[in-house]
Amino acid sequence: SSGINAEYGEFDCPYRNVECDLCKSTYPANDLESHKRNSCPKVKCDLCFELVFREKSNSHRLQCPKRVIDCEECGEKINADKFTTHSERICKNREVKCALCSTGVRLRMMEAHQRSWCPKRLVKCDCGERITAEQLSKHRENCALRLITCEEWMCGRIQARFWDDHMKSCPGRPVECKTCGEEIRYEYLPAHLNMSCPARHVECESCGNEMKYKQLPEHMHLYCPGRYIECETCGKEMKYKELSVHMFLHEICQTMKLLMIMLLSFAIYYYYFFSKLGYDLPFFIQK
């Protein structure tokens, strides 16, 4: 009566033969658990619950689709059969292409990439124009609001849109002297015209004639009537315009000397002539 379960009408004898649900062989009921644990040729994987041969159980665990592996990108633990889906669709640290520049970027960094680093992101220039970040440097070279340093004068930095107007009024802008053609800064032009322009008109201090400054040395040396020269006859220094009168006086003096010599010669001649003839001497040669 002990081998019979009166309530269910079943036998529960420990020596009865029962079938192993793994290998389908029959064993005494009291040996079944030991059989499954130690000698059954098949075992059930505790991860995927698949039946595998005992000798291959270790290798199966290394390849089991339900084994847990670590994602090298995000560190999350994932079942092997879901790893592909995780790495391609779920992992926040997977590399994806930026929709703007097509560069591979980690998903968790995509927002920051497109906001701060993507060369194709739109940025706003100070002038209000929206352009891609990679074109910003080139745009700024021609931007109307870029600052240009005035190197002509100490004017500071000027916005490009005002540059043309600035160059019309900059005191250091280069201008051409209309008198001599030399290029000079506008600020220095009055001083240049008054003091250093070689073609400026000046008045000769000696004669009062007006001429170009560059002609003055030649004029003073060769043509100025008020220049000082030395008389070749007497060595006296005088103005050129006085030379003709001075030379005329020299001629008069020379003529007077000749007349005096002639008169003296005439007086001597008559003195001897009348004295030999016994005549009275003319009054102008008498002693």
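Right above here is the structure, for reference.
Residues numbered from 1 in each chain as written. Predicted model: local features only at pLDDT ≥ 70, side-chain atom pairs only at ≥ 80, totals over all residues. Heavy atoms only, no water.

Novice: Account for the overall build of the protein chain, naming residues and giving values.
Specialist: Secondary structure summary: the protein chain contains nine helices and 20 strands in total. Expected size for 287 residues packed as a compact globule is a radius of gyration near 19 Å; at 65 Å, the protein chain overshoots this value by more than 25%. When the backbone C-alpha atoms are referred to their principal axes, the protein chain occupies close to 225 × 40 × 20 Å. For the protein chain, buried positions account for 24% of its 287 residues. A separation of at least 24 residues holds for 2% of the contacts in the protein chain among residues at least 6 apart in sequence. Between the centroid of the 43 positive side chains of the protein chain and the centroid of its 40 negative side chains there is a distance of 2 Å. (Helix = DSSP H or I, 4+ residues; strand = E, 2+ residues; numbered from the N terminus. Rg over C-alpha atoms; globule rule 2.2 N^0.38 Å. Buried < 20%, exposed > 50% of the residue type's maximum accessible area, 1.4 Å probe, protein only. Contact = heavy atoms within 4.5 Å. Lys, Arg positive; Asp, Glu negative; His and termini not counted. Charge placed at Lys NZ, Arg CZ, Asp CG, Glu CD.)

Novice: I'd like to hear about the pattern of salt bridges, residue by residue, with values.
Specialist: Counted by the stated rule, this structure contains six salt bridges. Across the salt bridge formed by Arg106 and Glu73, the nearest N and O atoms sit 2.5 Å from each other. Of this pair, Arg106 sits in strand β10 (residues 104-106) while Glu73 sits in the loop between β7 (68-70) and β8 (77-79), and the two are 33 residues apart along the sequence. Glu134 is paired through a salt bridge with Lys120; the nearest N and O atoms lie 2.6 Å apart. You can see Glu134 sitting in the loop between β12 (130-132) and α5 (136-142) and its partner Lys120 sitting in the loop between α4 (110-117) and β11 (122-124), a full 14 residues away along the chain. (Salt bridge = Lys/Arg side-chain N within 4 Å of Asp/Glu carboxyl O.)

Novice: Could you give me a rundown of the side chain of Arg200, with the residues and numbers involved?
Specialist: For Arg200, the location among the structural elements is in the loop between α7 (189-196) and β17 (201-203). Buried Arg200, no salt bridge; nearest opposite-charge side chain is Glu182, N-O distance 9.3 Å. In this structure the side chain of Arg200 is engaged in a polar contact, spanning 3.0 Å, whose partner is the backbone oxygen of Met195. Of note is the side chain of Arg200, whose polar atom sits 2.7 Å from the backbone oxygen of Cys197. Aside from chain neighbours lying at most four places away, what touches Arg200 is Thr179, Leu193, Asn194, Met195, Met211, Lys212 and Tyr213. (Polar contact = N/O pair within 3.5 Å; in protein donor to acceptor, adjacent residues only side chain to side chain.)

Novice: Residues and numbers for a nonpolar patch on the surface, please.
Specialist: Among the surface-exposed residues, Val245, Phe248, Leu249, Ile252, Met256, Leu259 and Met262 lie close enough to one another that they form a single nonpolar patch of about 670 Å² accessible area. As for its position among the elements, Ile252 is in helix α9 (residues 243-277). (Patch = residues over 30% accessible without salt bridge, like charges linked within 9 Å, V, L, I, M, F, W, Y side chains within 5 Å. Areas by Shrake-Rupley, 256 points an atom, 1.4 Å probe, with all protein chains shown as cover.)

Novice: Could you give me a rundown of the packing of aromatic side chains, with the residues and numbers involved?
Specialist: What the rule picks out here adds up to zero aromatic pairs. Its guanidinium or amino end placed over the ring of Tyr186, Arg173 lies 3.9 Å from that ring's centre, counting from NZ or CZ. (Phe/Tyr/Trp six-rings, centres within 6.5 Å; stacked < 30°, edge-to-face > 60°. Lys NZ or Arg CZ within 6 Å of the ring centre and 35° of its normal.)

Novice: Which residues make up unusual backbone geometry, and what are the values?
Specialist: Positive phi values are uncommon outside glycine, yet Ser102 reaches one of about 65°. Looking at the element boundaries, Ser102 is found in the loop between β9 (95-97) and β10.

Novice: Let's hear about α4: which residues, and what values?
Specialist: By the burial criterion, the buried members of α4 are Met110, Ala112 and His113. The buried side chains of α4 occupy one side of the element, clustering within an arc of 160° when seen end-on. Looking at α4, the residues exposed on the side facing more than 90 degrees away from the buried face are Glu111 and Arg115. Its buried side turned inward, α4 meets β9 and β10. (Arc of directions from axis to C-beta.)

None of the figures reported here should be taken as evidence of function without further support.
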